[in-house]
Each structure stands twice: as structure tokens, then as C-alpha cells.
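Listed here are the chains, written in short residue letters.
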Amino acid sequence: MNAKNLELKTYISEEKLAAKVAEIGKALTEKFKGKKVTAVCVLKGSFMFYSDLIRQIDTDITCEFFGVSSYHGGTTSSGEVKVTLDLSTPIEGQHVVLVEDIVDTGITMNYLKNAIESRKPASLTTVALLEKPDALKVPCKLDHVGFQITNEFVVGYGLDYDGYFRNLPYIAQVQNFQ
Ligand code: 5GP
């Protein structure tokens with residue numbers, strides 16, 4: 001029994017998530033050691049991944065938050081990206097690490113990449129915890145991907161269904177959508 005009466009099945013456990021986050025954090029530490037990084041959290045879905053990841057990156061970091069919405073409550077992307085919160089400071093000349101929860105059609109990540117690039121950072125490194133390669137509608141090259149998954153709707157670890165399930169500490173598949 002839960003808020004939406006949905007049956008959830010663990011898809012990626014807390015242990016697997018923690019190991020992957022540590023691995024990506026290590027790679028980013030090696031890449032940016034001794035440099036200052038601006039880590040951009042894409043709200044809302046990546047807040048949990050982001051907060052775990054930045055604790056695994058051993059260099060100077062400032063935090064920025066970029067709010068976008070493309071689902072408007074359902075389980076399929078509207079294809080239209082709406083900015084709900086812009087960055088609070090200029091990022092020109094900075095090494096930016098963009099942290100996204102999941103790349104589905106690729107439309108949101110492409111939008112974000114263009115939005116960041118247009119502000120002329122010194123570099124842009126893209127990270128997504130999850131990627132659904134079969135769902136891509138536009139080409140979307142990522143620098144770091146946690147897990148490639150099948151084309152199914154997942155929740156937890158920051159990802160929601162209609163606002164719920166973001167607090168699950170693991171990634172789950174929904175079994176019984178009507
Ligand atoms: P895209 O623009 O790549 O189609 O969609 C990216 C956004 O859609 C993600 O940031 C995320 O908010 C949402 N999204 C895509 N797939 C899923 C999914 O399986 N579960 C949830 N909860 N959100 C998803």
C-alpha cells in the first residue's frame with residue numbers, strides 16, 4: 001500500500017546506486033583535481049543523486065540549481081521544456097558539471113546543454129544517473145552515465161510519479177500502471 005496504490009519492484013538497489021555514485025565521483029575527482037567546479041543540480045529529479053555525488057568529488061565545488069519541467073505530472077515527456085528556476089550566478093569561464101537524473105527522449109538534456117553552453121563555461125561535463133537508449137528521440141551524448149535501462153517508467157532516489165516516491169532510497173519499477 002502506498003500513496004498511489006502502485007506495486008513497486010526494486011530495480012536498482014541502494015548498494016548498487018552507492019557503488020556507481022562512488023565510481024562517477026572518483027572519475028570526476030581525477031578529472032578536476034585542483035580545479036574549481038560548479039556542479040549544477042537539475043531539479044527536481046536529480047537532487048538525491050546530486051547530493052550523494054558531490055560528496056564523492058574531492059575538489060572545490062560551488063552548487064547551482066536549475067529547475068526544469070517536461071512531464072507536467074504524467075509518465076511521458078511533453079516534449080516541451082519549461083524553466084522553473086534559473087541559475088543564480090553567471091557560469092562564464094567555469095568548469096560546469098551538469099547532473100541530471102535520467103535521459104529519456106534526450107530533449108531535456110539537449111535543452112540544458114544548449115542553455116549552459118550559451119553562457120560560455122570553460123568546460124561542460126554531463127552526468128546522468130540513468131539513460132534509456134531505446135527512448136532517445138534526439139542524439140544526446142553524455143560524458144558519464146550510471147546505468148542504461150530499458151524503456152520503462154521508474155521512480156525513487158529523487159524520481160517521482162505525480163510528485164510521489166522521490167524519497168525512496170532505491171530505484172523501483174512500477175508494476176501495475178492502469
Ligand atoms: P527527456 O526530455 O529526456 O524525455 O526527459 C527527461 C526528464 O523526464 C527527466 O529529467 C525526468 O524528470 C523525466 N523522466 C524520464 N523518464 C522517467 C522515468 O522513467 N521516471 C521518472 N520518474 N521520470 C522520468
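Our structure's up above, just so we're on the same page.
Everything numeric in this text was worked out from a predicted model, so none of it was measured.

A.B. asks: Outline the sheet that holds strand β5 (residues 95-103), listing residues and values.
C.D. replies: The strands making up a sheet are joined through hydrogen bonds of the backbone, oriented either antiparallel or parallel. Spatially, β4-β3-β2-β5-β6-β7 is the arrangement adopted by the six strands of the open sheet, whose pairing is mixed. Across the chains shown, the open sheet's two edge strands, defined by having one partner strand only, are β4 (82-85) and β7 (144-148). The sheet shows a mean angle of 25° between the axes of neighbouring strands, direction not considered. Pairing between strand β2 (residues 36-43) and β5: five bridges, direction parallel. Opposite cysteine 41, over in β5, you have valine 99 as the bridge partner. Sheet strands touched by helix α1 (residues 14-32): β2, β5, β6 (123-131) and β7. Its angle to β7, the strand with the most contacts, is close to 165°. Contacting β2, β3 (60-69), β5 and β6, helix α2 (residues 47-54) crosses the sheet at an angle of about 160° to β2.

A.B. asks: Lay out the packing of aromatic side chains with the relevant residues and their values.
C.D. replies: By convention here, two paired aromatic rings are described through the distance between centres and the angle between planes. Tallied over the full model, the rule gives two aromatic pairs. Ring geometry for phenylalanine 153 against tyrosine 161: centres 6.1 Å apart, planes inclined by 80°, an arrangement best described as edge-to-face. With respect to burial, phenylalanine 153 and tyrosine 161 carry one shared label: buried. The ring of phenylalanine 147 carries lysine 20 above its face, with NZ or CZ at 5.4 Å from the centroid.

Basis of the calculations
Residues numbered from 1 in each chain as written. Predicted model: local features only at pLDDT ≥ 70, side-chain atom pairs only at ≥ 80, totals over all residues. Heavy atoms only, no water. Pairing = 2+ DSSP bridges. Helix = DSSP H or I, 4+ residues; strand = E, 2+ residues; numbered from the N terminus. Axes fitted to C-alpha atoms, helices over the stretch in contact; angles between N-to-C directions. Contact = heavy atoms within 4.5 Å. Phe/Tyr/Trp six-rings, centres within 6.5 Å; stacked < 30°, edge-to-face > 60°. Buried < 20%, exposed > 50% of the residue type's maximum accessible area, 1.4 Å probe, protein only. Lys NZ or Arg CZ within 6 Å of the ring centre and 35° of its normal.

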